[in-house]
Amino acid sequence: MNSYLNKNRPPVYCPGCTHEKITNSLDRAFDRLNLSADKTVIVTDIGCSGLFDTFFNVHALHGVHGRALTYASGLKLADPELNVIVTMGDGGLGIGGAHVLASCRRNLDLTLIILNNFNFGMTGGQYSATTPTDAVVGSQFLNQAEIPLDICAIAQSAGATYIDRCSGLDADLPEKIAGAVKHKGFSIIETLGMCTGRYTKKNRLTPKVLDQMIIDSPERCGIIEENQRPEYGERYRALAKERNTFPEAVAIEKKITLKEYQRQEVVILGSAGMRIVTAGDIVCYAGLYAGMNVSMKNDYNITVLRGQSVSEILISPEKIGYTGIESPTVVLALSDEGVQRRKKMFATLKPDTFVLKEKSVTIPETRADVVEIDFRELKIKKQDWALASLGVMAKKENAINKTMLKHALKSRFSEKVYQVAMETIEKTTQA
Amino acid sequence: MALSFMEGNEALARGAIAAGCNFFAGYPITPATTIFNSMLEMLPPQGGICIQGEDEIASMGYCIGASMAGKKVLTATSGPGISLYSEQISFAIGSEIPLVIADVQRLGPSTGSATRGADSDIQFLRWGSTSGVPVIVLVPKDALDCYVLAVHAFNYAEEFRCPVFIASNKEIGMTKESFDLESAPLPPIVERKLFSGDTYLPFEAKPDAAPPFLPIGGKTLVRQTSSTHGPDGYITIDPEVIAKNQDRLREKIYNARKKITLFEEDIKGNSDTLVISYGVTARAVEDAARILEIKGKSISTLTLKSLWPVPEELLLEKAKPFKQIIVIEMNLGQYVNEVKRVLCDKKIKFYGQMNGVMISPEKIMEVIENE
Ligand code: SF4
């Protein structure tokens, strides 16, 4: 037999510990599969099962508690040729439960060997997620108030495509491990074992009892028919392959030369659904076509379909430093919610600030130059008010002009949407 | 010249791509989500991999695994996610796993405010791991910096085999702005140094350098471990071996601090005040200095783009001619004590603000003028 065991580092388990048997079975499984050592990695968790990687002459990664499956997944995604074997105790199972569930759902081609010995061996025999309620463990009475979980049942409901369970002393274990490794997809093999250092000192657990436990629990022996589906890595790569257009960065060449353009600060006060952010984008594009520097900050509710939507834009011939609004030159007041969000601002507006207010919107007292517009009468839908307001700004040459706006709309929208947008804007120029 | 127009987050993602990043794993969190979105748009067409982890801890685990297989990896999160990353960050620091972590900071503590900015995590990034090994933290002030610093971050991660943080801020990450992407000053790409000798010991290195790398899955067997290890990657309890490794981990970063120093300055010969700041705050500081200049008061500014390791020599050199130093931060004073430690014979004034909004130039002028 071709052994993968590291002769210089023999197992160091307590006498009678099932982990040693499993170590040898894993070695035999490798031999049976004739795995190439340089394409095999053992990823280990924490605890006594976390020593596995040190006994083998294959690649090894030993990481922090409960997270072994996460490293294993990263390795396998990065190098699909790798045979990735994870060893984890019932401790890692409890602490890293989310990763076990995710691995079952995902079906990436990894093999998880769970070394369930019903307690935390290394730290003093405390109870784990698999400790029987009536066991005597190092956590006094705490396990008596909880029930153990059946990871195989959980894995099945989480979509695992291959589940096996047996005694760690099972003579067929090498065959069973080999079957799990061979399976294309995520495979779990739960081994039940004896922690002679801790657990079996106070609990009657013998090879026979282990066999009986396997007989008494629901049978799992490999392929789970109902969960069969493509392996994740292959599926991922097939889906990703269809994405073949790299999104190039927006870049806008100056097309318009303006005489004496002063820094503009534009505030658009609206609500969700009014396409405030799009309008803000268009104002920025307009500025960029005139060779200006621009910046835009948006403020909207985390519940995206409700509440205020505010866009704050700076357009400046100089480089923009501070991106906050200090002295607005244009304010579009398009909804009460939006206005409320910046209500303190109105008292500070200068007399030459251009405020465009929709008829239905109420604004606080201000010295600014307020122009009211009735978009409803113009038969402009609410979702187009912000866009229509840009038409008014351009017509009055506040911050942007018509040429700038046309360039901006053309590059931001498709030809069809551009035509519709222009129609909306035309309605305001007639008003 | 065409100007690009994008969020700081998109710029950071583009910088990562420019650096050769080919793996991303992350978990959505405001205000960092758009880095994930951008990577998801950009990596697949380039043959890269972009994954959403089941949580932040897993995302970091995927990054660690992929990095050990030889990928150049990026992840992105904000304060609550950095908290969850922390156990994996310790692993990556101690076991010399190259990766870049973008922390788009938001107002803490804890859940805090998802859409309010603050430089909340400056100390946490430095000390949020077990052992206190130095880390590298870069800090952008705008979208252009996000783009450029992403490349520096990958270069440092590869050279020093360590996690490198980009401490961005909601006010940069989610603010769209114009900048000249085409002529951005990108440094040449640094690739991971691969081992080329006969017998590979995964952690054998020069006293103040990172060990040469070989990937898991290559012809030579590689061991990686989160446990205290010797050069061979096996557990050790030998105090000498442990001490040597601890010293090396510290020195490979600390001794390279001059190389890792990134900054911008506007030093005026006729001013006696130097304002030191970083991040989005630096923009308001520079605005304030410009306005004061017009008013006839000359102020010099130093904008730090690398916070850790502390650019000690830079601080000493730049602060030397000044009578007064003012430190301004978008928190209640996370970095000022480093400045005080280095410039121990200087009078140092501080202003910090932690209220969910940026410090305005007006406020900064007030601080400067009320000397
Ligand atoms: S403590 Fe238990 S699990 Fe650990 S080596 Fe001893 S018997 Fe095995």
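Residues numbered from 1 in each chain as written. Chains lettered and ligands numbered in written order. Predicted model: local features only at pLDDT ≥ 70, side-chain atom pairs only at ≥ 80, totals over all residues. Heavy atoms only, no water.

Below, the discussion takes up the sheet that holds strand S11 (residues 308–316) of chain A. With mixed pairing, the nine strands of this open sheet are ordered in space as S8(A)-S1(B)-S8(B)-S10(A)-S11(A)-S9(A)-S12(A)-S13(A)-S14(A). On the outer flanks of this sheet lie strand S8 (251–253) and strand S14 (369–373) of chain A, each paired with one strand and no other. Within this sheet the neighbouring strands show an average axis-to-axis angle of 15°, counted without direction. Bridge count between strand S9 (residues 264–271) of chain A and S11 of chain A: eight bridges; the pairing is antiparallel. Paired with isoleucine 268 of chain A across the bridge in S11 of chain A is serine 311 of chain A. (Pairing = 2+ DSSP bridges. Helix = DSSP H or I, 4+ residues; strand = E, 2+ residues; numbered from the N terminus. Axes fitted to C-alpha atoms, helices over the stretch in contact; angles between N-to-C directions.)

Before going further, it helps to examine the site of the ligand. Around the ligand, the surrounding shell consists of Tyr13, Cys14, Cys17, His19, Cys48, Asn117, Gly121, Cys195, Thr196 and Gly197 of chain A. Of the residues contributing to the shell around the ligand, the split by class is five nonpolar, five polar and no charged. (Near = heavy atom within 4 Å. Nonpolar A, V, L, I, M, F, W, Y, C, P; charged D, E, K, R; others polar.)

Here we come to the interface of chain A and chain B. Listed by partner, the interface residues are 66 residues for chain A and 64 residues for chain B. Of the roughly 5200 Å² buried at the junction of chain A and chain B (both faces included), carbon and sulfur atoms supply 56%. Of all residues in chain A, His59, Phe246 and Tyr322 of chain A bury the most surface against chain B, accounting for 12% of the area lost on that side. Where chain A touches chain B, the interface holds eight salt bridges. Here lysine 297 of chain A makes a salt bridge to glutamate 171 of chain B, at a shortest N to O gap of 2.5 Å. Linking chain A to chain B there are 31 residue pairs in polar contact (both at pLDDT 80 or more). Residue assignment for the side of chain A that touches chain B shows that the elements contributing at least two residues are strand S2 (59–62), helix H2 (68–78), helix H4 (97–106), helix H9 (232–241), S8, helix H10 (276–289) and strand S10 (293–300) of chain A. The pairing of S8 of chain A with strand S1 (residues 2–7) of chain B spans three bridges and is antiparallel. For glutamate 253 of chain A, the partnering residue across the bridge sits in S1 of chain B and is alanine 2 of chain B. (Contact = heavy atoms within 4.5 Å. Buried area = accessible area lost by both parts, 1.4 Å probe. Salt bridge = Lys/Arg side-chain N within 4 Å of Asp/Glu carboxyl O. Polar contact = N/O pair within 3.5 Å; in protein donor to acceptor, adjacent residues only side chain to side chain.)

This part takes up the state of the cysteines. Under the defined criterion, the tally for this structure stands at zero disulfides over all chains. In this model cysteine 221 of chain A remains outside any disulfide bridge; the closest cysteine sulfur is found in cysteine 166 of chain A, 11 Å from its own. Here cysteine 63 of chain B stays unpaired: no disulfide links it, and the sulfur of cysteine 21 of chain B, its closest cysteine neighbor, is 8.5 Å away. Among the residues examined, cysteine 63 of chain B registers a relative accessible area of 0% and is labelled buried. (Disulfide = S-S within 2.5 Å. Buried < 20%, exposed > 50% of the residue type's maximum accessible area, 1.4 Å probe, protein only.)

Our focus in this paragraph is unusual backbone geometry. The bulk of non-glycine residues show a negative phi, and the bulk of peptide bonds are trans. All names here are of chain B. Across the junction of glycine 108 and proline 109, the peptide omega takes the value 0°, indicating a cis bond. One can find proline 109 in the loop between strand S5 (99–105) and helix H5 (122–127). In this model, tryptophan 308 is joined to proline 309 through a cis peptide bond whose omega is -5°. Tracing the backbone through its elements, the reader meets proline 309 in the loop between strand S13 (306–308) and helix H11 (312–319). One non-glycine residue, serine 131, lies in positive phi territory at about 95°. One can find serine 131 in the loop between H5 and strand S6 (136–138). Look at serine 131 and you get exposed, because its relative accessible area is 56%.

Glancing now at the pattern of salt bridges. Residues and elements named next belong to chain B. With the rule as written, the count across this model stands at 46 salt bridges over all chains. Taking the shortest distance from any N to any O, the salt bridge between glutamate 312 and arginine 257 comes out at 3.7 Å. Remark: arginine 257 occurs in helix H9 (residues 257–260) and glutamate 312 occurs in helix H11; sequence separation between them is 55 residues. Here glutamate 312 falls in the buried class, since its relative accessible area comes to 13%. One connected set of salt bridges, linked through shared partners, spans Lys141, Asp145, Glu264, Glu286 and Lys305.

With that settled, the discussion passes to the domain arrangement of chain B. Residues and elements named next belong to chain B. Domain boundaries assigned for chain B yield domain 1 (1–260) and domain 2 (264–369). The partner domain 2 presents 26 residues to the 31 residues of domain 1 that form the contact. The contact between domain 1 and domain 2 buries some 2400 Å² in all, and 56% of this surface belongs to carbon and sulfur atoms. Put simply, domain 1 and domain 2 have six salt bridges between them. At the surface where domain 1 touches domain 2, the tally comes to 17 residue pairs in polar contact (both at pLDDT 80 or more). Looking at the side of domain 1 that touches domain 2, the elements that each hand over two or more residues are H5, S6, helix H6 (143–160), helix H7 (170–173), helix H8 (239–254) and H9. Taken together, the residues that form the side of domain 1 that touches domain 2 break down as 15 nonpolar, five polar and eleven charged. (Domains from an automatic or database assignment.)

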